Each structure stands twice: as structure tokens, then as C-alpha cells.
Amino acid sequence: MNWDWLGKRWVLVVLLPLFAYASSIPISFIAYAVSGNIGMASNILNDGFNMCLGLGIALFLLYVALGIVRPIKDAPKVGLRHIFPFYALFVAMVLALYEVVLSIKHGTSPVLPPMEGLALVAFLGLTWSLIPTGLVAIGLFVHNYVVKYSNEIG
């Protein structure tokens, strides 16, 4: 099988876990609006994140395995400039969430209404979905490193 398309469309492959989670957000909001069941809506978000995490790990392992077995022709050079934005955005989002939680904790109402709580959970999941997305970029970085190292040895 020809795996060269993973090198040509690498930006879409890297963003695939983030798209996978982001697609579960409107589905969960629609499910909550239709049924009013907050548990079902949060389970949809949780399943979307689990799918995002599994997809990120699988793509990371695929890039590493392809680097060992059959390198991708003309694989793009991925470095820290491609990986750093995901983790910088993750830190910024975590700090924003920390501020939101502190304002809720010290506010007048200790309990969030269900829709605002669901939005906060969706934002938190979006924050955490940046980690598997960065992991795919790291997989491509490791792929290039393995190919470079195997060419120096052999």
C-alpha cells in the first residue's frame, strides 16, 4: 500500500484528532437541546475525546512504524515550530479555564446552569484534544528522525 499521501496531506492528518473532537461538540449541544439530558450530552463529549485520543495515538504509532518499516517519500520536515503552537495554545486555554473556575468558585452562585456547564466541559475537552493533535506532529518528527538515523547507519 502506498502511504505517501500521509506526507502530502500531513497538515490534515495532524489536525484530524482535533476535527474529530470538534465534531462531537455540536452533536452534544443538539442532543442536550432535544432531550434535556445533560448526562447523555456529556457522554457524547467524553466519547468524542476518547475517539480523539485514540486517533492521535494511532496516527503517532503509524508515523513511527512507517519510519521504521517503509519511510514516506518526501516527508515534510516537521520541527518544534510545528509542534509548539499546539502546546502553547493548550497552556493558554488551561489558564483561561483556571480563571473561569476561580470566578465561579468565588462568585455568588456555586452551581453552574447545565448549558453553561456543558459549554465549559466542551471547552475543556477542546483544550485537552490539542495534546493528541500535537502527538501526531511529534510522530511525524520521530518518523523523520528514524529515517535520518537509519540512513546514517545503513
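The structure this text deals with has already been given above.
About the cut-offs
- Residues numbered from 1 in each chain as written.
- Predicted model: local features only at pLDDT ≥ 70, side-chain atom pairs only at ≥ 80, totals over all residues.
- Heavy atoms only, no water.
- Helix = DSSP H or I, 4+ residues; strand = E, 2+ residues; numbered from the N terminus.
- Buried < 20%, exposed > 50% of the residue type's maximum accessible area, 1.4 Å probe, protein only.
- Phe/Tyr/Trp six-rings, centres within 6.5 Å; stacked < 30°, edge-to-face > 60°.
- Axes fitted to C-alpha atoms, helices over the stretch in contact; angles between N-to-C directions.
- Parallel < 35°, antiparallel > 145°, perpendicular 65-115°, else oblique.
- Nonpolar A, V, L, I, M, F, W, Y, C, P; charged D, E, K, R; others polar.

Colleague: Teacher, can you tell me more about unusual backbone geometry here?
Modeller: Trans is the common state for peptide bonds, and a negative phi is the common state for residues other than glycine. Positive phi, close to 55 degrees, is recorded for D74, a residue that is not glycine. Structurally, the position occupied by D74 is in the loop between α3 (38-68) and α4 (80-105). The exposed category is assigned to D74, whose relative accessible area is 75%.

Colleague: It is not clear to me how the environment of A58 should be interpreted in this structure. Could you clarify?
Modeller: Structurally, A58 can be placed in helix α3. Taking the C-alpha atoms as reference points, A58 and P132, 74 residues apart in sequence, are found 9.7 Å from one another.

Colleague: What is the right way to look at the packing of aromatic side chains in this model?
Modeller: To describe a pair of aromatic rings, one takes the distance between the centres and the angle between the planes. Tallying each qualifying case throughout the model produces 3 aromatic pairs. Where Y21 meets F49, the ring centres are 6.5 Å apart and the plane angle is 80 degrees; that geometry is what we call edge-to-face. With Y21 in helix α2 (residues 10-35) and F49 in helix α3, this pair connects stretches of sequence that are 28 residues apart. Both rings, one in Y145 and one in Y149, keep their centres 6.5 Å apart while their planes meet at 10 degrees; by these two values the pair is stacked. Taken as a pair, Y145 and Y149 lie in helix α6 (residues 130-153) at a separation of 4 residues, close to a single helical turn.

Colleague: Honestly, the packing of α2 against α3 in this entry has me stumped. Any pointers?
Modeller: Packed helix pairs are characterised by how far apart their axes lie and by the angle those axes make with each other. Closest axis-to-axis distance for the α2/α3 pair is 8 Å, and the angle between their directions is 170 degrees. In terms of orientation, α2 lies roughly antiparallel with respect to α3. Within the contact of α2 with α3, the residues separate by chemical class into 22 nonpolar, 5 polar and no charged.

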